[in-house]
Amino acid sequence: MKAAVFDIGGTFVKHGIYEDGVLKDVSSFPTCGQDGADTLIERIRNACGSITNIDAIGICTRGQVNCDTGEIIYDPPHLIPGYTGKNLKTEFSSFGVPIAVENDANCMAIAESNALSADVTADVLCLTYGTCVGGAIVRGGAIYHGTNWSAGEFGMIYMNGEYYENIASVTRLVEQAKSMDASLYDGRAITARLNRSDVYALVDGWAKQVAEGLASLIHIFNPACMIIGGGIMENKDVFNMVTSKVSELTAPGFDVNIRSARFGNSAGLIGAGILAQKLMK
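Residues numbered from 1 in each chain as written. Predicted model: local features only at pLDDT ≥ 70, side-chain atom pairs only at ≥ 80, totals over all residues. Heavy atoms only, no water.

**Here we look at helix H1 (residues 37-49)**
In this model H1 runs 18 Å from its N-terminal to its C-terminal C-alpha over 13 residues, within 8% of the 18 Å that 1.5 Å per residue would give. On its buried face, H1 is in contact with strand S1 (2-8), strand S2 (12-19), strand S3 (22-30), strand S4 (56-61) and helix H2 (88-91). (Helix = DSSP H or I, 4+ residues; strand = E, 2+ residues; numbered from the N terminus. Expected span 1.5 Å × (residues − 1). Contact = heavy atoms within 4.5 Å.)

Here is the structure:
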């Protein structure tokens, strides 16, 4: 059974095929969000149409999502104008196959928690750091969506009068780095220059902001496992920088197993594939 899977992010749209539990033929194209939601959806529809003999579609997307209806409840309007209110199940209904739609952080959590070993209990928090900060809560092996499909929006925690994602997203880090050196234009460029003292100091300060949010969540939820992802967390130095600071900030008795997302930037596609596969049964 074959599913076409898509991960709609703020910077790129990743896509591929999820077949018999395996993700393959992964590619991507720029989101170009400022072109608007209609243009973006048409480009995704064209990419989907190039995949033959699909049995389902799995869509992992940024924003708050009603998973039953497929509607985007809310996404910051300045990122993809017109995206809020779009119904992705309706937009892709012409393909005549079941469609699963889920928030990107929830898809990551589905992929990552599904792969945890039996010795890890089912209560897990997942956070992903990129354009914004996404979050997800796994309880009893399933995503906890909350009353309005919006649980786990950890990026909207207030810290010092600002949303957590406004100070802990990679977007914020890149803004600060570019003001220091125009060549530091994305997360990869920044981590490649960690040997520079000014860059290291900048990332170290950012990691402290990230860790403060994580420590607060550990104190609130006391999870068995916390998984942190996003491209920048694939860098071991950055990951270690964050986790060491979390340890310093966490009260005694709140030890938690913090892991880097094992699937990296493929987690959203895999999660969407798992959901799509369930619809095929």
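**Here's the deal with the pairing of strand S13 (residues 225-229)**
Burial analysis of S13 places five of its five residues in the buried class, the great majority of the element. The alternating pattern of S13 places Cys225, Ile227 and Gly229 on one face and Met226 and Ile228 on the opposite face, and all of these are buried. In this structure, strand S8 (residues 124-129) lies alongside S13, joined through five bridges in parallel fashion. Following the sheet pairing, leucine 125 is matched in S13 by methionine 226. Direction of pairing for S13 relative to strand S14 (residues 257-260): parallel, over a ladder of four bridges. In the sheet register, isoleucine 227 faces S14, and the bridge partner there is arginine 259. (Buried < 20%, exposed > 50% of the residue type's maximum accessible area, 1.4 Å probe, protein only. Pairing = 2+ DSSP bridges.)

**Thoughts on the sheet that holds strand S7 (residues 99-103)**
Read across the sheet, five strands follow the order S3-S2-S1-S4-S7 without closing on themselves; strand pairing throughout is mixed. Sheet topology places S3 and S7 at the edges, where each strand pairs with a single neighbour. Recorded for the sheet is a direction-independent mean angle of 15 degrees between the axes of neighbouring strands. Alignment of S4 against S7, held across five bridges, turns out to be parallel. The partner of threonine 61 across the bridge, within S7, is asparagine 103. Against the sheet, helix H3 (residues 104-114) engages S1, S4 and S7, with an angle of about 100 degrees to S7. On the sheet, helix H9 (residues 267-280) packs against S1, S2, S3, S4 and S7 and is oriented at approximately 140 degrees with respect to S1. (Axes fitted to C-alpha atoms, helices over the stretch in contact; angles between N-to-C directions.)

**Considerations on the sheet that holds strand S9 (residues 133-139)**
Here we have five strands laid out as an open sheet, ordered S10-S9-S8-S13-S14, and mixed in their pairing. At either end of the open sheet lies a strand with only one pairing partner, and these are strand S10 (142-143) and S14. In this fold helix H7 (residues 197-221) packs onto S8, S9, S13 and S14, with an angle of close to 165 degrees to the strand it touches most, S8. Helix H8 (residues 236-249) rests against S13 and S14 of the sheet, and its axis sits at about 165 degrees to S14.

**A closer look at the packing of aromatic side chains**
According to the stated counting rule, one finds five aromatic pairs in the structure shown. Each ring, one from phenylalanine 154 and one from phenylalanine 221, has its centre 6.0 Å from the other, and the planes form 70 degrees; the classification is edge-to-face. One end of the pair, phenylalanine 154, is in the loop between S10 and strand S11 (158-159); the other, phenylalanine 221, is in helix H7, with 67 residues separating them in the sequence. The buried category is assigned to phenylalanine 154, whose relative accessible area is 5%. Exposure remark for phenylalanine 221: the relative accessible area of 36% places this residue in the partly exposed category. Three or more aromatic residues joined by ring pairs form one cluster here, namely Tyr129, Tyr164 and Trp206. If you follow arginine 45 out to its NZ or CZ, it ends over the ring of phenylalanine 92, 5.8 Å from the centre. (Phe/Tyr/Trp six-rings, centres within 6.5 Å; stacked < 30°, edge-to-face > 60°. Lys NZ or Arg CZ within 6 Å of the ring centre and 35° of its normal.)

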